[in-house]
Amino acid sequence: MAQTLPIGVLFSTSGPYASLGREGFLGASLAIAEINEAGLLPVRLAAVERDPKGNTEAYAGLCRSIVDAGARFIVGCTTSWSRKEVIPVLEKTGTQLWYPCPYEGFEGNDHVVYVGACPNQHVVPLLGHVLGRFGADPLLVGSNYIWGWETNRIARDYVEARGGRVKGERFVALGDTDIGHIIEEVRLKRPDFVLNTLIGPSSAAFVEAYWQLGEADPAFDPARRPIISCNWTESEIAALGARARGHLTIAPYFQSLDSAANARFLATMRRLTPEADRPSAFFAQAYAAVHMIARGLAATGDADVDHVLAAAKRDRYEAPFGPLGIHAETNHAILTPHIARAGDAGSFEVVASTEQPIVPDPYLARSGPAADRRPATSGEAGAGAPRPPHLRLVK
Amino acid sequence: MNRRLPLPDGATPSFVGQRALIVHRPHATVDAIVRQLIQLGITPECHWPELPAGLDLTLYGAVFFDADLGHDAQFPWGPGACPMPAIALIGSEAPGRVAWAIRHGTDAHLNKPVGGGGIYAALLIAHQAFARRQELRQAVGELEQRLAQRELVAAATAALMQAEGLSAANAYRRLRRMAMDERLTIEGMAARLAGATPTGELRHDRA
């Protein structure tokens, strides 16, 4: 190996979804600093950082420039469109993207390792938790792009397969905060809960307006009618403060997780990247991605992307959120999601956890909305087959 | 424009002289499609997001459209009514997006990113699927019309039974003979006997 090994860090730390991009950037940077400080590899990792500023059309070119700087491994991208933009570059250059965010599924590229949750690890178990407690008639609201469209479609499928009825579905342009008409619809239709796949300022505006509605009418108290989301972070909930209290989300990582691995991770973070005081799953997954790459490099002794990925698929890394493996067939992470309730001070309190790690099923082939109504075929019951998750209540 | 390709076995299909629409934001994928179309002798025309009003759709041999960000309002035709072979450009395989492309009407698809090939095969498949779709639509239309007129046939048969003292089978045979003599469909002849407007005067090709 050379003295230094370049590693790409491709996140939009400015632009319309900068807060999420910054989480990924800081998580990856922390892991690189930690690995170098501890001398975990015989070489130093050298970050090759590029900021596409949230401009989808800039990703391919910047990915190319990372590869030209000698990097074979890239940690990056937040949105699905940006990931799809860099895939041709990865295919052409034989390089590898570690994608650290939850997404809507229906992809499985050989050059991408999906470290975030796919739908059978986010919206499906979240709906499973909520339907029995609050009712089966939601209202769906989302940002007008693929994450909102597809997550809401899966939710509709899931709800209708269980006799529920979607009381309304609304999409909001990215960045739009004019959501008064949707709150009025919620007030009139009184859904059992609201699935919120809005992102950024739209989501904050919606939660704020819903809180005002709840102040005026106790029927909209989150304890009776919560908002649920698969893409909230600790920082955005902290910015909303008590106005977000009581709403529910799902993720493999929460800052409040009570484990030795998380305590070590938080201590390292405070020491090496003190500016990141509220890490979310987006942060922890980017951090874990760099560590898995480094462990693969250490195990194989070379920087071949196929060798490192093969090593990662054999590995079982103790991430801040628990044991992390990469599923051999799909290149997606095997994850144990937790459902958490927002507290007063921007923290999340875990209320339920899946009993076992959930095997990723990015095409919802075996664990889709109607999975528990399909007869299991032979082989599906074996270890490693995705199954509808069973939740263990914590609170 | 005749969009049917003369495709006798062993012939080499050509699209030379055709025009094609590309409905996709400016992108490397569009550049790749344009390069291939020019090689095939097809003149590409790129539009985004909407097709301009007043476009003469009869001038175009095919449309390539974005399935990722596409929506019905971009097109002057309604869902399922695209008047030319349509090829979806698919990036996201999320079923919601694929379902939209199917609903909108697609005869073939290409996965994004489009590289140095694939356009020619996609055009051939799309033209065949479009031609089959048109033939089926026409055949179904004719059959539906005939089905709608079956009451007239029953009435005409009953009238012949009564007027000429025939059995049901013979009355029907008589009706069919009259239709053949007049070069009409049975339904057309029945309509004429019933004094109805001759909407059923289809060419009775199989008589």
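Note that this is a predicted model, so its numbers are computed, not measured.

Now for the overall build of chain B. The number of helices and strands found in chain B is 6 helices and 5 strands. Its helices and strands in sequence order give chain B the pattern β-α-β-β-β-α-β-α-α-α-α, from N to C terminus. Here chain B, with 207 residues, has 40% of them falling under the buried criterion. Sequence separation of at least 24 residues holds for 56% of the intrachain contacts in chain B that already meet a minimum separation of 6. On chain B, roughly 11,000 Å² of surface is accessible, and the fraction owed to carbon and sulfur atoms is 55%.

Moving on: the sheet that holds strand S14 (residues 338–342) of chain A. All names here are of chain A. Overall, mixed pairing links the 8 strands, which are arranged S7-S6-S8-S9-S10-S14-S15-S16 in an open sheet. Each edge of the sheet is formed by a strand with only one pairing partner; in this case those strands are strand S7 (168–172) and strand S16 (391–393). This sheet shows a mean twist of 25° between the axes of neighbouring strands, independent of strand direction. In this structure, strand S15 (residues 348–354) lies alongside S16, joined through 3 bridges in antiparallel fashion. Along S16, the bridge assignment pairs Ala352 with Leu393.

This brings us to the packing of helix H1 (residues 18–38) of chain A against helix H10 (residues 281–300) of chain A. To describe two helices that pack against each other, one gives the angle between their axes and the distance between the axes. Residues and elements named next belong to chain A. Taken N-terminus to C-terminus, the directions of H1 and H10 make an angle of 35°; their axes are 7 Å apart at the nearest point. Where H1 crosses over H10, the two elements pack in a sense that is right-handed. Every residue of H10 that contacts H1 at Leu20, Glu23, Gly24, Leu26, Gly27, Ala28, Leu30, Ala31, Ile32, Glu34 and Ile35 is listed here: Phe282, Phe283, Ala286, Tyr287, Val290, His291 and Ala294. Class assignment of the residues belonging to the contact of H1 with H10 gives a composition of 13 nonpolar, 3 polar and 2 charged.

Averaged over chain B, the pLDDT score is 89; the fraction of residues at 70 or greater is 89%. A low-confidence stretch, residues 197–207 of chain B (pLDDT under 50), is modelled with 21 contacts involving residues beyond four sequence positions or located in other chains.

Let's shift gears to the packing of aromatic side chains. Under the counting rule described, the total for this entry stands at 13 aromatic pairs over all chains. Ring geometry for A:Phe254 versus A:Phe348: centroids 5.2 Å apart, planes at 55°, classification tilted. Residue A:Phe254 is located in the loop between strand S10 (248–251) and helix H9 (260–272), and its partner A:Phe348 is located in strand S15; the two are separated by 94 residues in the primary sequence. Of the residues examined, A:Phe254 reaches a relative accessible area of 1% and is grouped as buried. Judged by centre distance (6.0 Å) and plane angle (85°), the ring pair of B:Phe65 and B:Phe75 falls under edge-to-face.

Our next topic: the confidence of the model for chain A. Atomic detail in the predicted coordinates should be set aside for any region of low pLDDT. Confidence in the prediction of chain A, expressed as mean pLDDT, is 92, and 93% of residues score 70 or more. Considering only residues more than four positions removed or in separate chains, one finds that residues 374–385 of chain A, a stretch of pLDDT under 50, has 11 contacts.

Procedures and definitions
- Residues numbered from 1 in each chain as written.
- Chains lettered and ligands numbered in written order.
- Predicted model: local features only at pLDDT ≥ 70, side-chain atom pairs only at ≥ 80, totals over all residues.
- Heavy atoms only, no water.
- Helix = DSSP H or I, 4+ residues; strand = E, 2+ residues; numbered from the N terminus.
- Buried < 20%, exposed > 50% of the residue type's maximum accessible area, 1.4 Å probe, protein only.
- Contact = heavy atoms within 4.5 Å.
- Areas by Shrake-Rupley, 256 points an atom, 1.4 Å probe, with all protein chains shown as cover.
- Pairing = 2+ DSSP bridges.
- Axes fitted to C-alpha atoms, helices over the stretch in contact; angles between N-to-C directions.
- Left-handed = near helix turned anticlockwise from the far one by under 90°.
- Nonpolar A, V, L, I, M, F, W, Y, C, P; charged D, E, K, R; others polar.
- pLDDT = per-residue confidence, 0-100.
- Phe/Tyr/Trp six-rings, centres within 6.5 Å; stacked < 30°, edge-to-face > 60°.

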